[in-house]
Every structure is written in structure tokens, then in C-alpha cells.
Amino acid sequence: MARKFFVESTNIKGDYLSLSGDEHNHLSKVLRAKPDEEMIACTKDYEYLCKIEKIEKTQTLCKIISKTKIENDSLNITLFQASLKGEHMDYAIQKATELNVKTFVPFLSSFVVAKIDNKKVERFKKISQEACKQSGRKALMEIGDVLTFEQMLEELKSFDKVIFAYENSNVSAKEVISSLKETDEIALIVGSEGGFSEMEAQKLVANGAKEISLGKNILRGETAGLVLASAVMFELNQFKKI
């Protein structure tokens, strides 16, 4: 099977495309690819089957053999994840990618320990790209800019259903999730290591979000996102081989 790489549409000129940066280094130095070998390059919208023509010091030049439109089979799920420390955020991004979450948006809240900014977003994208390759996912997961809590509340207005995991809730997850439909634009919200403040929970409810409990045990932030996304996928019959 041909290896998969990711490029920007600006890397494509006529019948040729080029790999640069980390993708070029991985192909040339880690995989030690050779001219005439085939590889797959993906943009946001298209998948290109290519043949390697020339491997230079800073780029790999490839001839495009065929082009296929990528059909995004992700559910319309956006996971809003409060910032987590180090490898915990990495894990959350990896698993959200594997679960076919369409969009991942990091945000800041009252009890966040690790303050992140948009300088981290490019790193998050690389983590998601690697998870995409490993899982065989067709389309990249979108990574949004880091939002403040108030900015996130504004974003919620565009969704059909909004659900947030709240450790102080007594509302059954099944009760809320069972009302979802496959055509819904769904927002899932998970807090940081310290969860949400009472004021934040009240603001979420006031903005149309439904609170749910994920059980009697306190889950880590990255675990909560994984459990919540999995529960929604199960309810919408996504665990099937196509």
C-alpha cells in the first residue's frame, strides 16, 4: 500500500506536486523512499496518487497519476476541549481523530492549568495528521483556533445540539444523547482537569447546552472527550464496517 502524506493545495503545480518540511523529511530520511516509487498525497479536498520523480535536499517532486475527490465521512461533531497539560492534550487530539470527529476546538476556562495559545495549533495539526495516517481516516480533522470561554459560547449558536459533560450533573447521558439525529450539527464540550466552575455551567445552560453525567467516577479530561464522542457515535450507529 502506498504511503500517505499531506500537502497544501499551493504545493500543486499542473501535473506535479512537491513535499517539503516534515513530510519531505519523513519520506526521504525515515522511509528512505526512492524515485519511481508510488505515494499518496492529500489536500483537504483531494487525494492524489503520485510517482516520485526527484528527491532533493529540501523537497520531493512527484508526478500526479490520478486525482480523487475525498468524501468526508465524518459525523458533524465538533469537540470543544478545554486545554489540558502536555501529553494529555496530545492524546485527546489523537483519539478524536481516530473516532472521526469532524472538528476539534481547544478553549480556555476557569480551571485550566495549561494556558495555550494559537502557536500550539500547528503542532496539534501535525499530531492529528499522524493519527489520520495511522487510522486510515479519509479526511483530516479540522483544528480550530484556541478560544476563550466567551468566544466558545458565541460559537455554540451555530449548532443544532450542544452537550457538555459536567461532574455535578445528575442528568443521564442516554436521556440526552438518544435525542440526537445523524443530520444534526453536534457540539460536545469537555472541561479541563478541574472541570467547569458553577458559573461556567450556568452560562452553558443559558446558551442552550444540555448538561450530562458520565457516571459516578471522575474522568480525566481526555478520557471524558473520548467517552462522550464514543457514546454519540454508538447512538448514531457509526460502529459498522462499510
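Here, the structure is the one placed above.
Residues numbered from 1 in each chain as written. Predicted model: local features only at pLDDT ≥ 70, side-chain atom pairs only at ≥ 80, totals over all residues. Heavy atoms only, no water.

**Quick word on unusual backbone geometry**
Here comes step 1: At aspartate 36, a residue that is not glycine, the phi angle is positive and equals roughly 85°.
Here comes step 2: Within the secondary structure, aspartate 36 is located in the loop between helix H1 (21-30) and strand E4 (38-42).
Here comes step 3: Not every positive phi belongs to a glycine, and asparagine 237 is a case in point at roughly 60°.
Here comes step 4: The partly exposed category is assigned to asparagine 237, whose relative accessible area is 48%. (Helix = DSSP H or I, 4+ residues; strand = E, 2+ residues; numbered from the N terminus. Buried < 20%, exposed > 50% of the residue type's maximum accessible area, 1.4 Å probe, protein only.)

**Structural notes on the pattern of salt bridges**
Here comes step 1: Evaluation of the coordinates by the stated rule reveals 11 salt bridges.
Here comes step 2: The shortest N-O distance in the salt bridge between lysine 95 and glutamate 98 comes to 3.2 Å. In this pair, lysine 95 and glutamate 98 both sit in helix H2 (residues 86-98), 3 residues apart, roughly one turn of the helix.
Here comes step 3: Since its relative accessible area comes to 21%, lysine 95 is described here as partly exposed.
Here comes step 4: On the basis of relative accessibility, which here comes to 37%, the residue glutamate 98 falls in the partly exposed class.
Here comes step 5: For aspartate 184, the salt bridge goes to lysine 181, with nearest N and O atoms at 3.7 Å.
Here comes step 6: Accessibility expressed as a relative area gives 5% for aspartate 184, which makes it buried.
Here comes step 7: Judged by its relative accessible area of 46%, lysine 181 is partly exposed.
Here comes step 8: One continuous salt-bridge network, built from bridges that share partners, spans Glu23, Glu130 and Lys133. (Salt bridge = Lys/Arg side-chain N within 4 Å of Asp/Glu carboxyl O.)

**Thoughts on the sheet that holds strand E5 (residues 46-55)**
Here comes step 1: Strands sit in the order E1-E4-E5-E6-E3-E2 across an open sheet of 6 strands; the sheet is mixed. With partners counted over all chains shown, the strands left at the sheet margins are strand E1 (3-6) and strand E2 (12-13), one partner each.
Here comes step 2: For E4 and E5, the ladder comprises 5 bridges, and the chain directions are antiparallel. Bridge assignment links cysteine 42 to a residue of E5, and that residue is glutamate 47.
Here comes step 3: Contacting E1, strand E3 (16-20), E4, E5 and strand E6 (59-69), H1 runs over the sheet at an angle of about 90° to E3. (Pairing = 2+ DSSP bridges. Contact = heavy atoms within 4.5 Å. Axes fitted to C-alpha atoms, helices over the stretch in contact; angles between N-to-C directions.)

**Some words on H2**
Here comes step 1: Compared with an ideal rise of 1.5 Å per residue, which puts 13 residues at 18 Å, H2 spans 19 Å between its outermost C-alpha atoms and is within 8% of the ideal.
Here comes step 2: Residues of H2 that are buried: Met89, Asp90, Ala92, Ile93, Ala96 and Thr97. Seen from one end, H2 has its buried residues packed into an arc of 160°, which puts them on one side.
Here comes step 3: Of the residues flanking the end of H2, it is asparagine 100, one or two places downstream, whose phi is positive at about 70°. (Expected span 1.5 Å × (residues − 1). Arc of directions from axis to C-beta.)

**As for the packing of aromatic side chains**
Here comes step 1: This model, assessed by the stated rule, comprises 6 aromatic pairs.
Here comes step 2: Counting every residue linked through ring pairs, the aromatic cluster contains Phe107, Phe149, Phe164, Tyr166 and Phe196. (Phe/Tyr/Trp six-rings, centres within 6.5 Å; stacked < 30°, edge-to-face > 60°.)

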